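Remarks on the overall topology
Here are the chains, one letter per residue:
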Amino acid sequence: VHLLRLDSVQEGNRRAISQIFLPIEVTQADVDNAQAEIEAARRRVLAGEAFTLVAAEVSGDPVSARNGGVLGTFNQDDLSPEFQAALAEVEVGQITEPVLTPAGWYLFQLIERVEGHMYTYEELKDNLRLVVENQKIEDKLNVYVKELRSRFFIDEKSG
């Protein structure tokens, strides 16, 4: 995590910057502890506790925890390869094995599978303007970030 401060703008549009850097390290013990927690949660659900109650109690995602773990409906092709693999053979109502991703451990209960369909104009017309506006905002943001990257030195480090 970096905290940057712009100290001054100098001749030639150069910037003097100060920083505070806090490295975040995830140890194998952290991964193992999280795995033990997710496996314990899975055992509780398999033993008959409601998925929604367990999710509300143990999930590290406060938004989905407030909703009993419910994330919504997704096109399976839009999910990460790890999630696609975990959900491919799961039947409605079943619980997946824990899934490890770079962000952490996940456990899913498949609520339902629904057939996709091509939306009609009538179904989409109210959202089309929002989609176009969001795309324009995203395009302008990408230009802005590109301009920032050209003005500032960025040192990306991976651990």
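This text gives an overview of the structure that appears in the document.

**Here we look at the pairing of strand S2 (residues 14-21)**
With eight bridges connecting them, strand S1 (residues 2-10) and S2 associate as antiparallel partners. Considered in S2, the bridge of Val9 is made with Arg15. With antiparallel pairing between neighbouring strands as the criterion, S1 and S2 make up a hairpin whose turn holds three residues, including Gly12 at a positive phi of roughly 75°.

**Concerning the nonpolar core**
One finds Ile38, Ala41, Val45, Phe51, Val54, Ala55, Ile95, Trp105 and Leu107 forming the largest nonpolar core, which totals nine residues. Those elements that provide at least two residues to this core are helix H1 (28-46) and helix H2 (51-58). Apart from the residues lying within four places of it in its own chain, the contact partners of Phe51 are Val45, Gly68, Ile95, Leu107, Phe108 and Gln109. The next biggest cluster of nonpolar side chains, apart from the first, holds six residues, and it includes Leu79, Phe83, Val99 and Phe108.

Criteria and cut-off values
- Residues numbered from 1 in each chain as written.
- Predicted model: local features only at pLDDT ≥ 70, side-chain atom pairs only at ≥ 80, totals over all residues.
- Heavy atoms only, no water.
- Pairing = 2+ DSSP bridges.
- Helix = DSSP H or I, 4+ residues; strand = E, 2+ residues; numbered from the N terminus.
- Core = buried A, V, L, I, M, F, W, Y, C linked by side-chain atoms within 4.5 Å.
- Buried < 20%, exposed > 50% of the residue type's maximum accessible area, 1.4 Å probe, protein only.
- Contact = heavy atoms within 4.5 Å.

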